[in-house]
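# Summary of structural features
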Amino acid sequence: MINEIKQDAQNRMAKSIEALRHTLIKVRTGRASPALVEHLKVNYYGSDMPLSQVATVNVSDARSLVITPWEKQMVGAVEKAILASDLGLTPNTAGTTIRLNLPALTEERRKELTKVVHSEGEDAKVAIRNIRRDANQQVKDLLKDKAVTEDDVRRAEEDVQKITDKAIKDVDEVVKAKEQELMAV
């Protein structure tokens, strides 16, 4: 019973860390990456589709992406999606290919993005602490139902705390790695 609670907490914390990694992929560094545009939705015959399902996205060099829609009439829709996005990039269209040039990040912009990364890391830590609180509450509910002893509760809380400490350490490592990637010139 207690092992199931600990396992559930560990799985949920791992998902929080994975969600943080996924969120940080969208934070633009100095290098071009197809992940920058994968969250964009394109209007495809009346329904919003992910960009990856209507076009191929390739990195042509360190500072530019090339997007090639599969259908010629999709070029305009892809351009609209890029312009409407929060990327702040202007697409250059040549025939059926769209080129996105990523300007070099200024020092000021790097610092702003670092703050965003730290904020996302803090949000992930809050989620992990909430998972810890839930797990501890489940264990205490077992004590109320007299399904476990007080010693079992204390040991379980210590184990959950160890799992939490490891998860928070992982979050710190992910944030630190992204910060180093941002600050690399």
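Structure report, in brief. Because the structure is a prediction, the values reported are computed rather than measured.

Attention now goes to the overall build of the chain. Within the chain, the secondary structure is distributed over 4 helices and 6 strands. Mapped from its N terminus to its C terminus, the chain presents α and β elements in the order α-β-β-β-β-α-β-β-α-α. Relative to the globule expectation of 16 Å for 185 residues, the C-alpha radius of gyration of the chain, 22 Å, shows a markedly less compact shape. Once the C-alpha set of the chain is aligned to its principal axes, its extents read approximately 70 × 40 × 20 Å. Taken across its 185 residues, the chain has 38% of its residues classed as buried. In the chain, the share of contacts with a sequence separation of at least 24, taken over all contacts with a separation of at least 6, comes to 64%.

So, on to the environment of Val57. For Val57, the position within the fold is in strand β3 (residues 55–61). Each C-alpha atom, one on Val57 and one on Glu18, is 23 Å from the other, the two residues being 39 residues apart in sequence.

The next thing to look at is the nonpolar core. Grouped together as the largest cluster of nonpolar side chains are 28 residues, with contacts concentrated most on Leu20, Ile128 and Val171. Looking at this core, the elements that each hand over two or more residues are α1 (2–25), α3 (107–144) and α4 (150–183). Residue contributions to this core peak at 10 residues, all from α4. Not counting the four nearest positions on each side in its chain, Ile128 is found in contact with Met13, Ser16, Ile17, Thr164, Ala167, Ile168 and Val171. Ranked by size, the runner-up nonpolar core spans 21 residues in total, among them Leu36, Ala77, Ile82 and Leu89.

Axis separation between α1 and α4 bottoms out at 10 Å; the angle between their running directions is 10°. Judged by the angle between their axes, α1 and α4 are roughly parallel. For the pair α1 and α4, contact is made by Ile2, Lys6, Gln10, Met13, Ile17, Leu20, Arg21, Leu24 and Ile25 and by Asp152, Ala156, Asp159, Val160, Ile163, Thr164, Ala167, Asp170, Val171, Val174, Val175 and Lys178, respectively. In terms of residue class, the contact of α1 with α4 is made up of 13 nonpolar, 2 polar and 6 charged.

So, on to the pairing of strand β5 (residues 91–94). As judged from the 4 bridges shared by β5 and strand β6 (residues 97–101), these two strands associate in the antiparallel manner. The residue of β6 that forms the bridge with Asn92 is Arg99. The turn joining β5 and β6, which pair antiparallel and follow one another in sequence, is formed by 2 residues; a positive phi near 70° is taken by Gly95.

Attention shifts here to the sheet that holds β3. Judged by pairing direction, the sheet is antiparallel, and its 4 strands sit side by side in the order β3-β4-β6-β5 without closing on themselves. The open sheet has two edge strands, β3 and β5, and neither has a second partner. For this sheet the average axis-to-axis angle between neighbouring strands, irrespective of direction, equals 25°. Taken together, the 6 bridges between β3 and strand β4 (residues 64–69) define a ladder with antiparallel strand orientation. In the sheet register, Asn58 faces β4, and the bridge partner there is Val66.

So, on to the environment of Pro91. Examined against the element boundaries, Pro91 turns out to sit in strand β5. For the pair formed by Pro91 and Glu18, sequence separation is 73 residues and the distance between their alpha carbons is 30 Å. Setting aside anything within four residues of it in sequence, one finds Pro91 in contact with Glu79, Ile82, Leu83, Ile98, Arg99 and Leu100.

Analysis parameters
Residues numbered from 1 in each chain as written. Predicted model: local features only at pLDDT ≥ 70, side-chain atom pairs only at ≥ 80, totals over all residues. Heavy atoms only, no water. Helix = DSSP H or I, 4+ residues; strand = E, 2+ residues; numbered from the N terminus. Rg over C-alpha atoms; globule rule 2.2 N^0.38 Å. Buried < 20%, exposed > 50% of the residue type's maximum accessible area, 1.4 Å probe, protein only. Contact = heavy atoms within 4.5 Å. Core = buried A, V, L, I, M, F, W, Y, C linked by side-chain atoms within 4.5 Å. Axes fitted to C-alpha atoms, helices over the stretch in contact; angles between N-to-C directions. Parallel < 35°, antiparallel > 145°, perpendicular 65-115°, else oblique. Nonpolar A, V, L, I, M, F, W, Y, C, P; charged D, E, K, R; others polar. Pairing = 2+ DSSP bridges.

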